[in-house]
Amino acid sequence: MGEVSGEVEAISAEYALADVLDDIFEYLKIRDLSIAGSVCKMWHQAALRILAKRGPERQLLPAFGGQLYTVMNVKPFVAFLFIGPSKRERNIKELEIDVLNRYKKFFTRHLIAVGVDESMMDDKPIISCDGLLGTANGILGLFIPQYRGLQIKVKRLHRASESVSSIINSLVPDDKSAKTAMILFARPYGYDGTILEQIKRTFKQKRYTLWGGSFDDKLLATDRMVDANAFMADSNSSDDEFYDAETIYDDGYYPQVDHYGSTAMFALSISGSKFDSWSTMINCLAPKLEVDKKLLDFRQHLKLKRRTIGLACGPRYVEGCVIMNKDYEQIYMTSHELMDVVKKTLPGIPFIGIFNFGYYSHFGVDSTIDDSNQRLGQQMALALMILTYD
């Protein structure tokens, strides 16, 4: 009887220690989590459990590279880097290609560089390179890991001549009843209209959300499929090796950066029982009162979980007011004004804002209404998406 009691106490103590480790490891960045995971088998398993619970993350990376494991909380399956502002300065420096070459060893699965006219972290402008608009203060990124119960499907088209239906069919989740969040970027003046119509035919209204747009002519990506369980370096690896593709995957190669303009479109879908999303489209030529009401109505539909990220995509400057006989003072005219009202309406949600020329299409759907006639791609419109997860 005493032996059984001792075994029960030992098991209870082991579970208690696991709970304590989980509580502590929850606060660790990737670097420290990697170090802790190399101590012993139990700590390694605890580190894996924590990584498996971490969902999408917004993060500001160092503008000139550096040790990312000191700032990152997740090991991304998909990493979006939004690089701006100033198309002229980015083109002169070939900044998108430079950034991909700089970061490809850290993000070895899917790394996408999107050239934007402006990126904002909440209401703070982010400058990716030194220039006329100021000193570089970082590169804004959205990082999506594979975590518990989350299904991520990725499709990339290299040329506009490829089949448009293949991209949408590949984004449908295995559980066809699951609500699906889609992020979609395309080079401007391509065939995004056909893709958007295919989305409407494939997905049921109010069961999908959409965010993205046509952004510049610089849409570059690297990708390489590897073992989905390769989240952690082995126990003999140093913390420097935790993000090193050659160490983790041991194949001697980094992903290759594509040549200029070789990615016509990049899309992904996210679904899962611990994950939810909402999206809407706002007409930027509408009066301020109408925009305010639309945001308030959208807020009423949100059911937020433990962690949340907001995504905004729209025009840097709202143009065409004179043609539309609009009063400039009655309209939110700039990206800064738009982000200001978004943050005032949704103050507790950290946002990524990306903006480009208003005459490019911005992709989105109002997931709160049942209207199959919605236009999913609009000029002079603000697309909003809320990602929330436990």
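Bear in mind that the values here come from a model prediction, so they are computed numbers and not experimental data.

Asks: Which parts of the structure should I look at to understand the overall build of the protein chain?
Replies: Regarding its fold elements, the protein chain presents 10 helices and 17 strands. In the protein chain, which comprises 390 residues, the share counted as buried stands at 56%. Long-range contacts, defined here as pairs at least 24 residues apart, represent 80% of the contacts in the protein chain between residues at least 6 apart. For the protein chain, the exposed area adds up to about 17000 Å²; of that, 51% sits on carbon and sulfur atoms.

Asks: Help me out: how do you make sense of the confidence of the model for the protein chain in this one?
Replies: Interpretation of this model should avoid reading the predicted coordinates in detail wherever pLDDT is low. On average, residues of the protein chain score 78 in pLDDT, and 74% of them reach the 70 mark or higher. Note that pLDDT drops below 50 for residues 225–261; the model gives that stretch 92 contacts with residues more than four away or on any other chain.

Asks: Teacher, can you tell me more about the packing of aromatic side chains here?
Replies: Aromatic ring pairs: the centre-centre distance and the angle between the two ring planes describe each pair. Enumeration according to the criterion identifies 11 aromatic pairs in this entry. Relative to Phe185, the ring of Phe80 has its centre 5.7 Å away and its plane inclined at 55°; by these criteria the two rings are tilted. Of this pair, Phe80 sits in strand β2 (residues 78–83) while Phe185 sits in strand β8 (residues 180–186), placing them 105 residues apart in sequence. In this structure Phe80 comes out as buried when scored by relative accessible area, which is 0%. Accessibility expressed as a relative area gives 1% for Phe185, which makes it buried. Seen from their ring centres, Phe82 and Trp211 are 6.3 Å apart, and the 85° between their planes marks the pair as edge-to-face. Linking Phe82 in strand β2 with Trp211 in strand β9 (residues 208–214), this pair joins segments that are 129 residues apart in sequence. Phe82 sits in the buried class, given a relative accessible area of 0%. Put simply, the rings of Phe80, Phe82, Phe185, Trp211 and Phe266 pair up and form one aromatic cluster. Note that Lys179 overlies the ring of Trp278, its terminal NZ or CZ placed 4.6 Å from the centroid.

Asks: How should I be thinking about the sheet that holds β8 in this particular structure?
Replies: Within a sheet, neighbouring strands are paired by backbone hydrogen bonds and run either parallel or antiparallel to one another. Sheet architecture is open: 6 strands sit in the order β7-β11-β8-β9-β15-β16, paired in mixed fashion. The open sheet has two edge strands, β7 (150–157) and β16 (377–378), and neither has a second partner. Here strand β15 (residues 362–364) pairs with β16 via 2 bridges, running antiparallel. Each residue of the ladder has a partner; that of His362, found in β16, is Gln378.

Asks: I'm lost on the nonpolar core in this one. Help?
Replies: Judged by nonpolar contacts, the single largest core of 38 residues is most densely connected at Phe80, Phe82, Ile144, Phe185 and Trp211. Among the elements that make up this core, the one with the highest residue count is strand β17 (residues 381–389) (5 residues). Excluding its chain neighbours within four sequence positions, the residues that come into contact with Phe80 are Ile112, Leu140, Gly141, Leu142, Ile144, Ile183, Phe185, Phe266 and Leu268. Listed in part, the 27 residues of the second largest apolar core include Ile282, Leu302, Leu346 and Ile349.

Asks: Explanation requested: the pattern of salt bridges in the structure shown.
Replies: Pairing is possible between side chains that carry opposite charge, provided their charged atoms lie close to one another. Counting across every chain of the model gives 11 salt bridges. Across the pair Arg316 and Glu118 runs a salt bridge whose closest N-O atoms are separated by 3.7 Å. Pair noted here: Arg316 is in the loop between β13 (307–315) and α10 (335–345) and Glu118 is in strand β4 (residues 118–121), with a separation of 198 residues, a long-range link. The exposure class of Glu118 is buried, given its relative accessible area of 4%. Among the ionic pairs, Asp340 bridges to Lys344, the shortest N-O distance being 3.3 Å. On the criterion of helical spacing, the pair formed by Asp340 and Lys344 is a turn pair, its members being 4 residues apart in helix α10. Given the relative accessible area of 33%, Asp340 is considered partly exposed.

Asks: What am I meant to see in the sheet that holds strand β14 (residues 351–356) here?
Replies: Spatially, 6 strands are ordered β5-β4-β14-β13-β17-β12 in an open sheet, and the strand pairing comes out mixed. Strand pairing shows two members of the sheet lacking a second neighbour, β5 (124–126) and β12 (275–283), which therefore form its edges. Ignoring strand direction, the axes of neighbouring strands in this sheet form an average angle of 20°. Pairing between β13 and β17: 7 bridges, direction antiparallel. Residue pairing for β17: Gly310 is matched across the bridge by Ile386. The sheet strands contacting helix α9 (residues 288–301) are β12 and β17, and the helix crosses β12 at an angle near 165°.

Asks: Can you help me understand α10 in this one?
Replies: Helical geometry: 3.6 residues make up each α-helical turn, so side chains three or four residues apart lie on a common side. Every buried residue of α10 is listed here: Ser335, Leu338, Met339, Val341, Val342, Lys343 and Thr345. Considering only its buried residues, α10 is in contact with β4, α9, β13, β14 and β17.

Cut-offs and rules
Residue indices begin from 1 for each chain and proceed along its sequence in written order. Thresholds applied to this predicted model are a pLDDT of at least 70 for local features of residues and 80 or more for the giving and counting of side-chain atom pairs; totals over whole chains, interfaces and linings are not thresholded and use all residues. Side-chain measures here rest on the full set of heavy atoms in the structure, leaving out hydrogens and waters. Counting from the N terminus, the helices are the DSSP runs of H or I reaching at least four residues and the strands are the DSSP runs of E reaching at least two. The buried label goes to any residue with under 20% of its type's maximum accessible area, the exposed label to any with over 50%, and the partly exposed label to all in between, with areas taken from a 1.4 Å probe on protein chains only. Any two residues whose heavy atoms approach within 4.5 Å at even a single point are treated as in contact. Per-residue and other accessible areas were derived by the Shrake-Rupley procedure at a 1.4 Å probe size, with only the shown protein chains allowed to occlude residues. A residue's pLDDT is the confidence the predictor assigns to it, expressed on a 0 to 100 scale. Each Phe, Tyr or Trp ring (for Trp, its six-membered ring) is paired with any other whose centre lies within 6.5 Å, and the angle between the two planes then decides the class: stacked below 30 degrees, edge-to-face above 60, tilted in between. Think of it as a cone above the ring: NZ of Lys or CZ of Arg counts as a charge over the ring if it is within 6 Å of the ring centre and within 35 degrees of the ring normal. By the convention used here, strands pair only if DSSP detects at least 2 bridges between them. Here, the term nonpolar core denotes a set of buried Ala, Val, Leu, Ile, Met, Phe, Trp, Tyr and Cys residues that are joined through side-chain atoms within 4.5 Å. Here, a salt bridge means any Lys or Arg side-chain nitrogen found within 4 Å of an Asp or Glu carboxyl oxygen. Axes, fitted as lines to C-alpha atoms, cover a helix only where it is in contact. Angles between the N-to-C directions of the axes lie from 0 to 180 degrees.

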